[in-house]
Amino acid sequence: MNRIFKNTLLFLILSAIFLLSGCASSPPPARAHENICDIIAHDPSWYRAAKKSESRWGTPVSIQIAFVRQESSFVHNARPPRPTLFGFIPMPRKSSAFGYAQAQDGTWDDYRRATGNRLARRTNIDDALDFIGWYNSVSNQRNGIALTDAFNLYLNYHEGHTGFRNRTYNNKPWLINVARTVESRARAYESQIPNCRLPSGLCIWPFC
């Protein structure tokens, strides 16, 4: 009986964690996307999550939030558009990218294995920001990219670490422009943060 009780209790705890990890906040209104103070005011938990990731992996809050702004516009279940055949027959998506960070299936699995965070979900902002921090730390380790270099961090993020080394981005002028936009936005966010009303009670990894 005790064993059945313990197994049932464990199941309930894991189920609760799973459900909580699926909680998602509504995106800030479009007019707030260019001001990190408005983003923080919309949902202070995003700043706490970004600070936690920064403490653990080293990527500044401003760069993390700029990545999410570019990748999903803060929509928790964002996906690439689904192409259609003859204008109305749905076809498979060209990418498995999903969630706040637009992480692809294989890379997300790599993250969960590397961090032991088996219950991580791409629709959870804490997990998504931790993923961005982890990925950028790998970019730093493998390709020597400074964790404050938003431009080259984003090129790694988009092209993959091998693609970056092979300079595949040189054939994608549009991607260079996007990376510059991410860099510019990260700089703007960084300059705005000192003027923000920041939430108290920050959670710093691993004491969370």
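About the criteria used
- Residues numbered from 1 in each chain as written.
- Predicted model: local features only at pLDDT ≥ 70, side-chain atom pairs only at ≥ 80, totals over all residues.
- Heavy atoms only, no water.
- Helix = DSSP H or I, 4+ residues; strand = E, 2+ residues; numbered from the N terminus.
- Areas by Shrake-Rupley, 256 points an atom, 1.4 Å probe, with all protein chains shown as cover.
- 1 Å grid on protein atoms, 1.4 Å probe; cavity = no way out; pocket = protein on both sides within 12 Å on 5 of 7 lines; lining within 4 Å.
- Points joined across faces, edges and corners; volume = space filled by probe spheres on them.
- Core = buried A, V, L, I, M, F, W, Y, C linked by side-chain atoms within 4.5 Å.
- Buried < 20%, exposed > 50% of the residue type's maximum accessible area, 1.4 Å probe, protein only.
- Contact = heavy atoms within 4.5 Å.
- Axes fitted to C-alpha atoms, helices over the stretch in contact; angles between N-to-C directions.
- Parallel < 35°, antiparallel > 145°, perpendicular 65-115°, else oblique.
- Left-handed = near helix turned anticlockwise from the far one by under 90°.
- Nonpolar A, V, L, I, M, F, W, Y, C, P; charged D, E, K, R; others polar.
- Salt bridge = Lys/Arg side-chain N within 4 Å of Asp/Glu carboxyl O.

Asker: Can you break down the overall build of the protein residue by residue, with the values?
Answerer: Scanning the protein from N- to C-terminus turns up 8 helices and 2 strands. Counted from the first residue to the last, the protein has its helices and strands arranged as α-α-α-α-β-β-α-α-α-α. Looking at the protein as shown, the accessible area adds up to about 11600 Å², and 54% of this sits on carbon and sulfur atoms.

Asker: Run through the layout of surface pockets, naming residues and quoting values.
Answerer: Here the second largest pocket is characterised by a volume of approximately 190 Å³. Together, 11 residues line the second largest pocket, and K52, R56, N117, D127 and D130 are the ones closest to its centre. Elements represented by at least two residues in the lining of the second largest pocket include exactly α3 (44-57), α5 (105-115) and α6 (125-143). Looking at which element gives the most residues to the lining of the second largest pocket, the answer is α3, with 4 residues.

Asker: Give a detailed account of the nonpolar core, specifying residues and quantitative values.
Answerer: Of all hydrophobic cores here, the largest spans 47 residues; its most connected members are I36, I65, F67, L129, F131, I132 and L155. Going through the elements one at a time, α2 (36-42), α3, α4 (61-72), α5, α6, α7 (150-165) and α8 (173-192) are the ones with two or more residues in this core. Sorting elements by how many residues they give to this core places α6 first, with 8 residues. Ignoring any residue separated from it by four or fewer positions in sequence, one finds I36 in contact with V61, S62, I65, Y189, Q192, I193 and C196.

Asker: Quick rundown of the packing of α4 against α7? Include the residues and the values.
Answerer: Interhelical geometry of α4 versus α7 gives an angle of 45° and a closest axis separation of 11 Å. On the basis of the axis angle, α4 is oblique to α7. Every pair of crossing elements has a handedness; the one defined by α4 and α7 is right-handed. On α7, the residues touching I63, F67, Q70 and E71 of α4 are A150, L153, Y154 and Y157. Here the contact of α4 with α7 is built from residues that sort into 6 nonpolar, 1 polar and 1 charged.

Asker: If you had to explain the pattern of salt bridges to someone new, which residues and values would you point to?
Answerer: Under the definition given, this model contains 9 salt bridges. With a closest N to O distance of 3.0 Å, D105 and R122 form a salt bridge. One end of the pair, D105, is in helix α5; the other, R122, is in the loop between α5 and α6, and 17 residues separate them in sequence. The network of salt bridges with common partners includes E34, R69 and R185.

Asker: Residue-level account of the packing of α3 against α4, with values.
Answerer: At a minimum axis separation of 9 Å, α3 and α4 run at an interaxial angle of 120°. It follows from the interaxial angle that α3 and α4 lie oblique. Our pair here, α3 against α4, has a crossing hand that is right-handed. Where α3 approaches α4, its residues Y47, A50, K51, S53 and E54 are matched on the opposing element by V61, Q64 and I65. Its residues assigned to classes, the contact of α3 with α4 shows 4 nonpolar, 2 polar and 2 charged.

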